[in-house]
Amino acid sequence: MSRKINFIAQIILPLVVVAITITLFFMFKPKETTELFYINLGYTIFLEIIFFGYLNIIYSKVKEFSTPLLAVFGVYAIYYIVIGFICMVVYSLALSGLLPLKIYIAVLMVLTLLWIIISVLTAQTDSNYKATVEKLKDQGQALNFYTQKMNLLANRYEILCAEKGLKYETHSNNRTALDRLKGKIDSLTPNVLSSDTAVSQLTSLLNKCEDLIEETESATEDKLVEVQNKMQRFVDNSIAEIDMLKNLTRR
């Protein structure tokens, strides 16, 4: 049912309106039809196409356009249609005997050109904005992966420390050395991942962290202090590297 309604609204209705427009023009045409008559007829149909074209874009929910852009396009379209209609009426009723037809056509062409230029520039700006938003969204999802992965590793290491009897001299509410690194990764913002180097470095850090946890799991009692110190150095170096990445992405 909805397809039939959409077909009627998007195809049948515009065709009916255009047909009625043509009929009305010829019903009330002057005895001697001039170029102005056909120009006004064509321009009126053109304005109707713009109007229904905009409505079709709204109803079809084109993914390439954002909601704010559709609203702006609607304003531009209405302004253009109203101004174009006023120009057509004023020239036809009052200025056709004073100004040559080519001036009228030139005004309509310039008006149309300005509308197209403004619309295209607006669409380009919106496209760039939407691409930036999508990129930040993807970066946010990627960053969420890193933070969740780090949380899992930190929880795994905390349980391991309890089983192995490892204790760290940590600050604040940190329970293990990895809590410091987890807090540092939690403080990252999505723009950090705009750099391929940062993505590669964070991936490498998580892999090294997992390797050290596995090394701690398999370490014998006489090796625990050594791997504990190795983890501490890893955390210190990783925090310094993350700070460096944050500074680089601010530039």
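Up top is the structure.
In this report, the structure presented in the accompanying data block is examined. (Residues numbered from 1 in each chain as written. Predicted model: local features only at pLDDT ≥ 70, side-chain atom pairs only at ≥ 80, totals over all residues. Heavy atoms only, no water.)

Okay, helix 5 (residues 177–186) next. Among the ten residues that make up helix 5, seven are buried, leaving the element largely enclosed by the rest of the structure. Those residues of helix 5 that fall on the buried side of the exposure criterion are Ala177, Leu178, Asp179, Leu181, Lys182, Lys184 and Ile185. (Buried < 20%, exposed > 50% of the residue type's maximum accessible area, 1.4 Å probe, protein only. Helix = DSSP H or I, 4+ residues; strand = E, 2+ residues; numbered from the N terminus.)

For any two helices packed against each other, one specifies the inter-axial angle together with the distance between the axes. The interhelical angle for the contact between helix 4 (residues 101–164) and helix 6 (residues 196–218), taken along N-to-C directions, is 20 degrees, at an axis separation of 10 Å. If you check the angle between helix 4 and helix 6, you find them roughly parallel. Note on packing geometry: the crossing formed by helix 4 with helix 6 is left-handed. From helix 4, Tyr146, Lys149, Met150, Leu153, Arg156, Tyr157, Leu160 and Lys164 reach across to helix 6, where they touch Val199, Leu202, Thr203, Leu206, Cys209, Glu210, Ile213, Glu214, Thr216 and Glu217. (Axes fitted to C-alpha atoms, helices over the stretch in contact; angles between N-to-C directions. Parallel < 35°, antiparallel > 145°, perpendicular 65-115°, else oblique. Left-handed = near helix turned anticlockwise from the far one by under 90°. Contact = heavy atoms within 4.5 Å.)

Another point: the packing of helix 4 against helix 5. Relative orientation of the contacting elements helix 4 and helix 5 amounts to 170 degrees, with a least axis distance of 9 Å. The angle between helix 4 and helix 5 places the two elements in the roughly antiparallel class. Residues Tyr146, Thr147, Met150, Asn151, Leu153, Ala154 and Tyr157 of helix 4 touch helix 5, and the partners they reach there are Leu178, Asp179, Leu181, Lys182, Ile185 and Asp186. Within the contact of helix 4 with helix 5, the residues separate by chemical class into eight nonpolar, two polar and three charged. (Nonpolar A, V, L, I, M, F, W, Y, C, P; charged D, E, K, R; others polar.)

Right, let's talk about the layout of surface pockets for a bit. Considering only enclosed or pocket space, the largest pocket measures out at about 280 Å³ in volume. As for the largest pocket, its lining consists of Thr21, Leu24, Phe25, Phe28, Pro30, Thr34, Leu36, Phe37, Asn40, Met88 and Ser92. Elements with a minimum of two residues in the lining of the largest pocket: helix 1 (2–27), helix 2 (35–60) and helix 3 (67–95). Taken together, the residues of the lining of the largest pocket break down into seven nonpolar, four polar and no charged. (1 Å grid on protein atoms, 1.4 Å probe; cavity = no way out; pocket = protein on both sides within 12 Å on 5 of 7 lines; lining within 4 Å. Points joined across faces, edges and corners; volume = space filled by probe spheres on them.)

Next up on the list: the pattern of salt bridges. Tallied over the entire structure, the rule returns eight salt bridges. Between glutamate 217 and arginine 156 there is a salt bridge whose closest N-O contact spans 3.2 Å. Of the two residues, glutamate 217 sits in helix 6 while arginine 156 sits in helix 4, which places them 61 residues apart along the sequence. For glutamate 217, a relative accessible area of 36% translates into the label partly exposed. For arginine 180, the salt bridge identified is with aspartate 236, shortest N-O distance 2.9 Å. With a gap of 56 residues between them, arginine 180 in helix 5 and aspartate 236 in helix 7 (residues 224–249) connect regions that are remote in the sequence. Taking the relative accessible area as the measure of exposure, arginine 180 reaches 27% and is therefore partly exposed. Salt bridges here are not isolated pairs; linked through shared partners, they connect Lys149, Arg156, Glu210 and Glu217. (Salt bridge = Lys/Arg side-chain N within 4 Å of Asp/Glu carboxyl O.)

Here leucine 152 lies in helix 4. Linking leucine 152 and lysine 182, residues 30 residues apart in sequence, is a C-alpha distance of 9.8 Å.

Moving on, we come to the environment of cysteine 161. Considering the arrangement of structural elements, one finds cysteine 161 in helix 4. Here the alpha-carbon distance between cysteine 161 and glutamine 228, two residues 67 residues apart in the chain, equals 9.4 Å.

Further remarks concern the side chain of lysine 182. Locating lysine 182 in the fold gives a position in helix 5. Once residues within four sequence positions are removed from consideration, lysine 182 is found in contact with Met150, Asn151, Ala154 and Arg175.

Read these as geometric descriptors, not functional statements.
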